[in-house]
Amino acid sequence: MNEKMWQGRFQKELDSRVNDFNSSISFDCRMYKEDILGSIAHATMLGKQNIISLEDSKLIVNELNNIMNDLENGNLQIDMQAEDIHMFIEAELTKRLGVVGKRLHTARSRNDQVAVDTKMYVKNQINEIKALLLDLIKTLIDLAENNLDTVMPGYTHMQRAQPITFAHHLMAYVEMFKRDLSRFNNAYELMDSMPLGSGALATTTYNIDREYTASLLGFSNVTLNSLDGVSDRDFCMETASDIAIAMVHLSRLSEEIILWCSWEFKFVELDDAYATGSSIMPQKKNPDITELVRGKTARTIGNLNTLLVMMKGLPLAYNKDMQEDKQAIFDSIDTIKICISTMIPMLATMKVNKQNMLNAGQKGFINATDCADYLVKKGLAFRDAYKITGSLVAKCIELNETLDSLPIEEYKKISEVFDVDVYNAISLNTCVKERKVIGGPSPEVVKKHIQIIKDTLLKDKKE
Ligand code: ARG
């Protein structure tokens, strides 16, 4: 077995079961880049501050770059027997440079090292998630632009409620993903302070220049308390929370697409490349992607829970429990990325059955509110108008008519106020077009909303 770097105090080798149990290399190996960049910045700072010689600093930086290249082009494999990625890189450096390599860990602990690596990794991943969210928003906007006039029923309690357009419905999701972007921006900003230099828990007596290292690593500032610096995992909890919330949004969209694909709705049809068949039922075309997104949302909520519960009882400062942060946050990151990446082309190729949406809108009395509003505009109080319209609906059900097809004589029997202009007032197109309030479904308003998103969120985005 490999000799441990901390072997000095010990008289026995670690039991191999403990070695495996303790090791995090199988999952923290993905942070090799962040670990090497963190070490390069640290070594550069040590040289600048004369804590190690400039010559040693340069040798270390140069060899760390070589290690990075070797890992990237497959000339060096990560040793899965190593304790973690930090130990592996340092051991490799020492293998190559001897005593010079052993100077890298001066004025540093794995506790501040793992904190800075993980923060850098999460920061980078937030940028990737944000780019995917923007692509998703762009896809929804394209779909909305093609469906500004596509009338469909809006629902409450899963009952047809009032007429909207498909564009209006899609733009609701754009707003959700817009808030998700803001949440990721906020999280990024809050985690943008560098913990390196916190040492094991109480900094160091060397004259390190933390602000310099931070500037090399692209952090805006440095953490101001070393105990907090090494034991803060808010950035993991917060990112996991932002991911879980965004996944809930993706899951709700998925749920709607699942419904819309059913024979009961037939509002949309997925492209063959984004649907799957059944092993026994030849007629089936299943929306598996959306079901998986809905299912995977559970994992991201679970990961958030893992992180919160993992942290809640920990005294300051570093505790090994915190090694468990990585699988949870990595899984959430991987999950949201694969979900958005798969949803985008699925949405972009989805066929919209405009006629079926309209047909659904024509049944279910979704213009009843507009019928009541018609009476109000003729001078009635809303409550009276509501009651009259209720009787009309009952009449329609009795005669198997809709409000649009019920003869004017029947209208007049219930209230003399009705005239033939009621038909125009309650036509679905009018109902949608006249809802011109900010936030409403009128094509004119939704178009403006789309323009706002284009001018703000998507302004740097190429077609
Ligand atoms: N693998 C550890 C982790 O992920 C690195 C920090 C270990 N520090 C220590 N004092 N054992 O948290």
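Scroll up to find the structure.
Cut-offs applied
Residues numbered from 1 in each chain as written. Predicted model: local features only at pLDDT ≥ 70, side-chain atom pairs only at ≥ 80, totals over all residues. Heavy atoms only, no water. Core = buried A, V, L, I, M, F, W, Y, C linked by side-chain atoms within 4.5 Å. Buried < 20%, exposed > 50% of the residue type's maximum accessible area, 1.4 Å probe, protein only. Helix = DSSP H or I, 4+ residues; strand = E, 2+ residues; numbered from the N terminus. Contact = heavy atoms within 4.5 Å. Salt bridge = Lys/Arg side-chain N within 4 Å of Asp/Glu carboxyl O. Pairing = 2+ DSSP bridges. Near = heavy atom within 4 Å. Polar contact = N/O pair within 3.5 Å; in protein donor to acceptor, adjacent residues only side chain to side chain. Areas by Shrake-Rupley, 256 points an atom, 1.4 Å probe, with all protein chains shown as cover. Nonpolar A, V, L, I, M, F, W, Y, C, P; charged D, E, K, R; others polar. Phe/Tyr/Trp six-rings, centres within 6.5 Å; stacked < 30°, edge-to-face > 60°. Lys NZ or Arg CZ within 6 Å of the ring centre and 35° of its normal. Axes fitted to C-alpha atoms, helices over the stretch in contact; angles between N-to-C directions. Parallel < 35°, antiparallel > 145°, perpendicular 65-115°, else oblique. Left-handed = near helix turned anticlockwise from the far one by under 90°.

Q: Even after reading the chapter, I still don't get the nonpolar core, so can you show me in this structure?
A: Buried together is how nonpolar side chains tend to be arranged in soluble globular proteins. Within the largest apolar cluster, 72 residues are counted, with the highest numbers of intra-cluster contacts made by Leu 136, Leu 140, Phe 166, Phe 177, Leu 250 and Ile 257. Contributing elements (two or more residues each) for this core: α6 (110-145), α7 (166-190), α10 (234-261), α11 (288-312), α12 (325-349), α13 (354-362) and α19 (443-455). Looking at this core element by element, the count peaks at 13 residues for α10. Discounting chain neighbours no more than four positions away, the residues touching Ile 257 are Val 268, Leu 270, Thr 290, Met 346, Leu 347 and Met 350. Ile 52, Ile 60, Ile 85 and Ile 89 belong to the second-largest nonpolar core, a separate cluster that totals 28 residues.

Q: Teacher, can you tell me more about the pattern of salt bridges here?
A: Two side chains carrying opposite charge are able to pair once their charged atoms lie near each other. Overall, the coordinates contain 29 salt bridges when judged by the stated rule. Across the pair Asp 209 and Lys 48 runs a salt bridge whose closest N-O atoms are separated by 3.0 Å. Here Asp 209, found in the loop between β3 (193-194) and α8 (210-216), pairs with Lys 48, found in helix α3 (residues 32-48); they are 161 residues apart in sequence, far enough to count as distant. Owing to a relative accessible area of 37%, Lys 48 belongs among the partly exposed residues under this scheme. Between Lys 326 and Asp 325 there is a salt bridge, with its nearest N and O atoms 2.8 Å apart. Using a relative accessible area of 3% as the deciding quantity, one classes Lys 326 as buried.

Q: Explain the pairing of strand β2 (residues 159-165) here, please?
A: For a regular strand, side-chain orientation follows a simple rule: the groups alternate between the two sheet faces. The pairing of strand β1 (residues 151-156) with β2 spans 6 bridges and is antiparallel. Counterpart to Gly 154 in the pairing with β2 is Gln 162. The turn linking β1 back onto β2 is made up of 2 residues, and His 157 within it adopts a positive phi angle of 55°.

Q: Could you clarify how one ought to interpret the site of the ligand in this entry?
A: As a matter of local geometry, the ligand sits amid Ser 24, Asp 28, Asp 84, His 86, Arg 110, Asn 111, Val 114, Tyr 318, Gln 323 and Lys 326. Between the ligand and Ser 24 there is a distance of 3.1 Å, counted from a nitrogen atom to a side-chain nitrogen or oxygen. Note that a nitrogen atom of the ligand is positioned 3.0 Å from one of the side-chain N or O atoms of Asn 111. Within the complex, 86% of the 340 Å² of free accessible area of the ligand lies under protein. Broken down by element, the shell around the ligand gets its largest block of residues, 3 residues, from α6. Here the residues of the shell around the ligand sort into 2 nonpolar, 4 polar and 4 charged.

Q: Is there a simple way to explain the packing of aromatic side chains in this structure?
A: Where two aromatic rings form a pair, the distance of their centres and the angle of their planes describe that pair. Summed over the entire model, instances satisfying the criterion amount to 8 aromatic pairs. With a centroid separation of 6.0 Å and 50° between ring planes, the pair formed by Tyr 155 and Phe 265 is classed as tilted. Residue Tyr 155 is found in strand β1, and its partner Phe 265 is found in the loop between α10 and β5 (268-269); the two are separated by 110 residues along the sequence. The exposure class of Tyr 155 is partly exposed, given its relative accessible area of 25%. By relative accessible area, which is 18% here, Phe 265 ends up buried. Aromatic side chains Tyr 411 and Phe 418 sit 4.7 Å apart centroid to centroid with 65° between the ring planes, which places their arrangement in the edge-to-face category. One residue, Lys 266, lies across the ring of Trp 263, its end atom 4.4 Å from the ring centre. One cation-aromatic arrangement involves Arg 383 over Tyr 386; the distance from NZ or CZ to the ring centre is 5.1 Å.

Q: Looking at this structure, how should I read the environment of Phe 27?
A: Of note, Phe 27 is situated in helix α2 (residues 25-28). Judged by its relative accessible area of 13%, Phe 27 falls in the buried class. Sequence-wise, Phe 27 and Lys 395 are 368 residues apart; in three dimensions their C-alpha atoms are separated by 67 Å. Other than its neighbours up to four places away in sequence, Phe 27 contacts Gln 323, Lys 326, Gln 327 and Phe 330.

Q: How should I be thinking about the packing of α10 against α12 in this particular structure?
A: For any two helices packed against each other, one specifies the crossing angle of their axes together with the interaxial distance. Where α10 meets α12, the closest approach of the two axes is 10 Å, and the angle between their N-to-C directions is 30°. In terms of axis orientation, α10 runs roughly parallel to α12. The handedness of the crossing between α10 and α12 is left-handed. Between α10, through Cys 236, Thr 239, Ala 240, Ile 243, Ala 246, Met 247, Leu 250, Leu 253, Ser 254 and Ile 257, and α12, the contact on the second element is made entirely by Asp 325, Ile 329, Ser 332, Ile 333, Thr 335, Ile 336, Cys 339, Ile 340, Met 343, Met 346 and Leu 347. Looking at the contact of α10 with α12 residue by residue, the classes come out as 16 nonpolar, 4 polar and 1 charged.

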